[in-house]
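A closer look at the structure
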Amino acid sequence: EEEEEDEEEGSGVSVTPALLKACTGEFSLESILLLRLRGRGIAHLGCLGDCSNLEWLDLSGNAIAGLAPLATLRALAVLNLAGNRVASVEPLRGCRSLRQLNLAGNRLRSLRQLRCLQGLRHLESLRLRDPLAHLGNPLCAAPAYRAALAAMLPGLKAIDGQRVAGRGSELFRLCRELDAALDAGDAAEGPAEPSSGAQPWVQAGFWEPQAPRRSAVLEEATRQLGQALRECRELGRRADDSIAQAQRALGRRHAGNFGF
């Protein structure tokens, strides 16, 4: 295994200032705040530690094994290392601002390898397994690894995308308990049979259309509207008569002046 790791470290793309500038358009590495280097065949992080103000970093889908350059990234809050070859996360103890960490699809074999994260007081979300992407770690084979991880890192609010603390965690817990209770009840009682004495949950006639209610206000408004429409029709008729008279008068005047 050591020989294979040595071969892996000797090959692959390395992060260089030229690569970072080409990806971000920034001339100063200290100006880079967000960096996406997904699926570029990167094996060596090179000068990545010089991005001292980096806050968001995506290195997923590469061939990274060593994380030493990340130890200096004090401002890093979000780190995605899914789908790499990481077997040790010891350098991440220096990422004091880290809040979200994705390690799914790596080579972590024991929870002891994650003890270095206990000093990260802001760490809220940790992912070691991603079923949708078919990514995991050898330690995920243990059935109770989530519970052990939650006990070791009590500040976590989400493990593998599932809430374990904070807002929403109680709802998830209650739903799981309810599902388990319903499944147990169904298994014990067998298929349910319809009850002959079932009663409707609404009163008879609830869905029937109701007769319109009479309203004095509505009736008065209807009467006034009808009167206004009649007055408008009368004004329109008078306007038509006036226009017709004017047209006839203009026609006679033009007919008498045909000699000019």
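Residues numbered from 1 in each chain as written. Predicted model: local features only at pLDDT ≥ 70, side-chain atom pairs only at ≥ 80, totals over all residues. Heavy atoms only, no water.

Named according to an unreviewed UniProt entry, the chain is LRC61 protein originating from Xiphorhynchus elegans.

In an α-helix, one full turn covers 3.6 residues, which means residues spaced three or four apart are oriented alike. Those residues of helix α3 (residues 145–152) that sit buried are Y145, L149 and M152. Projected down its long axis, α3 carries its buried residues within an arc of 65 degrees, all on one side. Of the exposed residues in α3, those oriented more than 90 degrees away from the buried face are A147 and A151. Of the surrounding secondary structure, the elements contacted by the buried residues of α3 are β7 (125–127) and β8 (158–159). (Buried < 20%, exposed > 50% of the residue type's maximum accessible area, 1.4 Å probe, protein only. Helix = DSSP H or I, 4+ residues; strand = E, 2+ residues; numbered from the N terminus. Arc of directions from axis to C-beta. Contact = heavy atoms within 4.5 Å.)

Take unusual backbone geometry next. One non-glycine residue, H134, lies in positive phi territory at about 60 degrees. Of note, H134 is situated in the loop between β7 and α3. A positive phi is found at D160, a non-glycine position, where the angle reads about 55 degrees. With respect to the helices and strands, the residue D160 is situated in the loop between β8 and β9 (162–163).

Take the nonpolar core next. It is characteristic of soluble globular proteins that their nonpolar side chains tend to be buried jointly. Counting 45 residues, the largest nonpolar core has L20, L48, V89, L114, L117, L128 and L149 as the members making the most contacts within it. A total of three residues in this core trace back to one element, the largest contributor, which is α3. With near-sequence residues (within four places) excluded, L114 lies in contact with V89, L103, L108, L128, L139, L149 and M152. (Core = buried A, V, L, I, M, F, W, Y, C linked by side-chain atoms within 4.5 Å.)

Taken in spatial order, the seven strands make up an open sheet running β2-β4-β5-β6-β7-β8-β9, and their pairing is mixed. Since the sheet does not close on itself, it has two edges, and those belong to β2 (34–36) and β9, each with one partner. For β2 and strand β4 (residues 56–58), the ladder comprises three bridges, and the chain directions are parallel. Looking across to β4, one finds that L35 is bridged to L57. (Pairing = 2+ DSSP bridges.)

With that settled, the discussion passes to the pattern of salt bridges. All told, the structure shown has eight salt bridges when counted by the stated rule. Across the pair E90 and R93 runs a salt bridge whose closest N-O atoms are separated by 2.6 Å. Since its relative accessible area comes to 40%, E90 is described here as partly exposed. Put simply, E234 and R237 hold a salt bridge, and the shortest N to O gap is 2.4 Å. Here the residue E234 and the residue R237 both occupy positions in helix α5 (residues 216–256), the gap between them amounting to three residues, near one helical turn. With relative accessibility at 30%, the residue E234 sits in the partly exposed group. The class of R237 is partly exposed, set by a relative accessible area of 43%. (Salt bridge = Lys/Arg side-chain N within 4 Å of Asp/Glu carboxyl O.)

Let us now look at the environment of A75. Relative to the helices and strands, A75 resides in the loop between β4 and β5 (78–80). As a C-alpha pair, A75 and G94 span 19 residues in sequence and 9.9 Å in three-dimensional space. When near neighbours in sequence (up to four residues on either side) are disregarded, A75 contacts S52, N53, L54, E55 and S97.

What follows covers the environment of L48. Inspection of the secondary structure puts L48 in the loop between β3 (42–44) and β4. Residues L48 and L20, spaced 28 residues apart in sequence, show a C-alpha to C-alpha distance of 8.4 Å.

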